Amino acid sequence: MAARPQAADAVLALALLAVGLPELFLSHRSAEEVRYFAAPDVRQAVLVSAVTLTLALRQRFPLATLWIVLAGECLLSAWKYVPSIPDLVAFLVAVYSVAAHRALAHSALGGMVALAGFNALMIVFPIRPTLLNFLTNNALVVGVWVLGRNLRMRRAYFAELEDRAARLERARGSDARAARIEERSRIARELHDVVAHHVSVMTVQAGAARRIIDRDPGGAREAMSTIEEVGRTALSEMRRIVGVLRTDRDEQAARGELAPQPGLGDLGELLDHVRETGLSVQLWIEGEARTPSPGVDVAAFRLIQEALTNTLKHAGPQARAWVRLRYTAEDLTVEIEDDGRGTATIVADNGDKPGHGLVGMYERVALYGGELRIGPRVGGGFGVRARFPLSA
């Protein structure tokens, strides 16, 4: 019914008639009613039914509904019929509908006309109402109109809240997309350096093989094997670059960053720098260390760097951190945990928006087919856990 308001209004009108028409013919008439009013008949029943059924159009045509109901009330009064439950309720519902479904100008006009017509009908009523009845009836009409206006304003307020929430959600999505694009560009620059290094090795090895192929075929074959191995690695890294958009500024930055990218081999130096800031950091390495691909090496290092940076920013001055590397035959698991203030500070500092650093973590791990979990630790603090497959 909520999705089909006209059908709901039709049901309301039929329910009023089902209750009101039997009451119209079966109720006991007082002596004053017999003296001043005509007896109920088919004409009154038809007119009351027409007035009440008009409520089916009250939301689509509220002003027209009010005019029809007022006209019907005037005819019933002119023909000396006793007011009945269906037509009185229909009048109040029509007043409410004008206030709830039309702008202020139209609803005010409808309310004033309805109040004026209602008072005119009371003045010509054969039985003179008392002052209390007069004031009570006017207060009822005005109250119904005010109720309709308040509900209209409330609906408008909630609609504005929903629209504002939708705009904020779109803005948050735009921020996240911008962060992902920025992080992908950064990853692309790092992969650019890795691939450029492999291509340079291939070029040197090919030149060496060309020079010694006649006098040292074995050395040339070894150089060619090296070229094949390095070429496969370069192709694997190139596949990860495909689809990453790069702007002109990113291209210039990639050409300008000539220093080699850090990896897990530089982890000790990173932890030393972090300890100099006052954060206590411990490192555990489990399993037999294996050399990951250059891209995974850079991604794992950057993940640890970003996680420790978040710890420095959000965990508090007395926090401690742990870094754990776990090697297996198939994958590398990286865990960074702290016992600081956890997600409460991160949410407060970021205003309920995901930080660019967290978005970058997801992008890096997903780029290499890994899995990432970020969240609070049991017992307090914050944890980051990533798994990188070692196979290409």
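Residues numbered from 1 in each chain as written. Predicted model: local features only at pLDDT ≥ 70, side-chain atom pairs only at ≥ 80, totals over all residues. Heavy atoms only, no water.

Draft legend 1. Spotlight on the packing of helix α3 (residues 42-53) against helix α4 (residues 62-78). Where α3 meets α4, the closest approach of the two axes is 9 Å, and the angle between their N-to-C directions is 165°. On the basis of their axis angle, the class for α3 and α4 is roughly antiparallel. Handedness of the α3/α4 crossing: left-handed. Side by side, α3 and α4 meet where Q44, L47, V48 and V51 of the first sit next to V69, G72, L75 and L76 of the second. Taken together, the residues that form the contact of α3 with α4 break down as 6 nonpolar, 2 polar and no charged. (Axes fitted to C-alpha atoms, helices over the stretch in contact; angles between N-to-C directions. Helix = DSSP H or I, 4+ residues; strand = E, 2+ residues; numbered from the N terminus. Parallel < 35°, antiparallel > 145°, perpendicular 65-115°, else oblique. Left-handed = near helix turned anticlockwise from the far one by under 90°. Contact = heavy atoms within 4.5 Å. Nonpolar A, V, L, I, M, F, W, Y, C, P; charged D, E, K, R; others polar.)

Draft legend 2. Highlighting the packing of helix α1 (residues 5-26) against helix α5 (residues 85-101). Where α1 meets α5, the closest approach of the two axes is 8 Å, and the angle between their N-to-C directions is 140°. Taken together, the axes of α1 and α5 are oblique relative to one another. Contacts between α1 and α5 involve L16, L17, G20, L21 and E23 from the former and I85, P86 and V89 from the latter.

Draft legend 3. Region of the structure containing the side chain of E73. Looking at the element boundaries, E73 is found in helix α4. Put simply, E73 is tucked away with no salt bridge, and the nearest opposite charge, on K80, sits 14 Å away. Those residues in contact with E73, other than ones at most four positions away along the chain, are D87, L88, F91 and L121. (Buried < 20%, exposed > 50% of the residue type's maximum accessible area, 1.4 Å probe, protein only. Lys, Arg positive; Asp, Glu negative; His and termini not counted. Salt bridge = Lys/Arg side-chain N within 4 Å of Asp/Glu carboxyl O.)

Draft legend 4. Here's a closer look at the pairing of strand β1 (residues 280-286). Of the strand pairs in this sheet, β1 and strand β2 (residues 320-327) are connected by 7 bridges, and their pairing is parallel. In the strand pairing of β2, I285 is matched with L325. Taking the sense of rotation as the criterion, the β-α-β connection linking β1, helix α11 (residues 294-314) and β2 turns out left-handed. (Pairing = 2+ DSSP bridges. Right-handed = clockwise from strand over helix to strand, strands pointing away.)

Draft legend 5. Geometry of the nonpolar core. L303, I304, V334 and F388 are the most contacted members of the largest nonpolar core, which totals 34 residues. Every element with two or more residues in this core is listed here: α10 (267-276), α11, β2, β3 (331-338), α13 (356-367) and β5 (382-389). For this core, the leading source of residues is α11, giving 8 residues. (Core = buried A, V, L, I, M, F, W, Y, C linked by side-chain atoms within 4.5 Å.)

Draft legend 6. Representation of the packing of aromatic side chains in the model. With the rule as written, the count across this model stands at 3 aromatic pairs. Relative to F118, the ring of F91 has its centre 5.5 Å away and its plane inclined at 15°; by these criteria the two rings are stacked. With a gap of 27 residues between them, F91 in helix α5 and F118 in helix α6 (residues 104-123) connect regions that are remote in the sequence. This pair shows no difference in class: F91 is buried, exactly as F118 is. The ring of W79 carries R43 above its face, with NZ or CZ at 4.2 Å from the centroid. (Phe/Tyr/Trp six-rings, centres within 6.5 Å; stacked < 30°, edge-to-face > 60°. Lys NZ or Arg CZ within 6 Å of the ring centre and 35° of its normal.)

Draft legend 7. The pattern of salt bridges, seen in detail. Applying the stated criterion to the full structure yields 14 salt bridges. A salt bridge links R172 to E169, with the nearest nitrogen and oxygen atoms 3.0 Å apart. Residue R172 and its partner E169 are located together in helix α7 (residues 131-212), separated by 3 residues, close to a single helical turn. Assessed through its relative accessible area of 27%, R172 is described here as partly exposed. Taken together, the shared-partner salt bridges connect E286, R324, R326, E335 and R385 into one network.

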